[in-house]
Amino acid sequence: SIGNLAFYLAQGLTTVTFAQGLKAAPFSQGLKAVTLLQGSQLTSIGDSAFSSTGITSIELPSSVTSIGASAFMDATQLRSINIPNKVTSIGYGTFWNASKLTSIIIPSSVISIGEYAFLNASSLTLITIPASVVGIGPNAFAGCSGLTSATFESSTNVARLGVTVSNVLQNF
């Protein structure tokens, strides 16, 4: 694997192609495009892996099981991403300041949404919390000024809901 922030501040790096067998993804700064080749065995997106990059979208392979803290923090051009069905949590600050992210599908494999997960994702307009989610951290959706709809699936059993509901769904 390649360590967290291995290419930090490599501002000339604009494209990364993941070959078969790569297990972790830690890239940062200046990245504009990501290509995952057919059959990629990528299992982990490292902490801050795509923070402050210029990527606009990413299609994660179904083999991904974890997404690190702040993985897409300050990825201000990110508009779309899929979260594979094997991911169990959206961690601390994962999409913090991903200001162009308009929608995201949270799969039923996710059981927790971390503190500041979507902080200031101001273009996010709707979110559906699947029944599998049992915890949502403080300020998870704070600053999501474009958020007009938050739907909790009918059998959602959120046991831990941040400090207060107003902190989680601020601006609602």
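Scroll up for the structure.
In this text the structure is predicted, and so the values were computed from the model without any measurement. (Residues numbered from 1 in each chain as written. Predicted model: local features only at pLDDT ≥ 70, side-chain atom pairs only at ≥ 80, totals over all residues. Heavy atoms only, no water.)

(A) Seen up close, the overall build of the protein. A tally of helices and strands in the protein yields one helix and 13 strands. Order of helices (α) and strands (β) in the protein, N terminus to C terminus: β-β-β-β-β-β-β-β-β-β-β-β-β-α. Residue pairs at least 24 apart in sequence account for 25% of intrachain contacts in the protein once pairs closer than 6 positions are excluded. Looking at the protein as shown, the accessible area adds up to about 7600 Å², and 51% of this sits on carbon and sulfur atoms. (Helix = DSSP H or I, 4+ residues; strand = E, 2+ residues; numbered from the N terminus. Contact = heavy atoms within 4.5 Å. Areas by Shrake-Rupley, 256 points an atom, 1.4 Å probe, with all protein chains shown as cover.)

(B) Representation of the pairing of strand β10 (residues 126-129) within the structure. Of the two faces of β10, the one lined by Ile127 and Ile129 is fully buried and the one lined by Leu126 and Thr128 carries no buried residue. Pairing of β10 with strand β12 (residues 149-152) involves four bridges; the strand directions are parallel. By the bridge assignment for β12, Ile129 is matched with Phe152. (Buried < 20%, exposed > 50% of the residue type's maximum accessible area, 1.4 Å probe, protein only. Pairing = 2+ DSSP bridges.)

(C) A look at the nonpolar core. Grouped together as the largest cluster of nonpolar side chains are 38 residues, with contacts concentrated most on Ile45, Phe72, Phe95, Ile113, Phe118 and Phe141. If we skip the residues at most four places from it in the chain, Ile113 touches Ile90, Ile106, Phe118, Ile129, Val133, Gly135, Ile136, Gly137, Ala140 and Phe141. (Core = buried A, V, L, I, M, F, W, Y, C linked by side-chain atoms within 4.5 Å.)

(D) Expanded view of the side chain of Thr94. Tracing the sequence through the fold places Thr94 in the loop between β8 (89-90) and β9 (112-113). At 2.8 Å, the side chain of Thr94 forms a polar contact with the backbone oxygen of Gly91. Other than its neighbours up to four places away in sequence, Thr94 contacts Ile67, Gly68, Ser70, Ala71, Phe72, Met73, Tyr116 and Ala117. (Polar contact = N/O pair within 3.5 Å; in protein donor to acceptor, adjacent residues only side chain to side chain.)

(E) Structural context of the packing of aromatic side chains. On inspection of all chains with the given rule, the structure shows seven aromatic pairs. Summarising the aromatic geometry, the rings of Tyr92 and Trp96 are spaced 6.1 Å apart at their centres and angled 65° between planes, so their arrangement reads as edge-to-face. Judged by relative accessible area, Trp96 falls into the buried class, the value being 18%. Aromatic pair Tyr92 and Tyr116: ring centres 5.6 Å apart, planes at 80°, arrangement edge-to-face. Separated by 24 residues along the polypeptide, Tyr92 in the loop between β8 and β9 and Tyr116 in the loop between β9 and β10 bring together distant segments of the chain. (Phe/Tyr/Trp six-rings, centres within 6.5 Å; stacked < 30°, edge-to-face > 60°.)

(F) Representation of the environment of Thr151. Relative to the elements of secondary structure, Thr151 occurs in strand β12. Separated by 23 residues in sequence, Thr151 and Thr128 have C-alpha atoms that sit 4.6 Å apart. Every residue in contact with Thr151, bar those within four places of it in the chain, is listed here: Ile127, Thr128 and Ile129.

(G) Examining the environment of Ser112 more closely. Following the sequence through the fold, Ser112 ends up in strand β9. For Ser112 and Ile136, which are 24 residues apart along the polypeptide, the C-alpha to C-alpha distance reads 5.9 Å.

(H) Fine view of the environment of Ala121. With respect to the helices and strands, Ala121 occurs in the loop between β9 and β10. Judged by its relative accessible area of 0%, Ala121 is buried. In sequence terms Ala121 and Thr102 are 19 residues apart; their C-alpha atoms lie 8.1 Å from each other. For Ala121, the contacting residues outside a window of four places in its chain are Phe95, Ala98, Ser99, Gly143 and Cys144.

(I) Structural view of unusual backbone geometry. The backbone of Asp74 shows a phi angle near 60°, a positive value even though the residue is not glycine. The phi torsion at Tyr116 lies on the positive side, around 60°, for a residue other than glycine.

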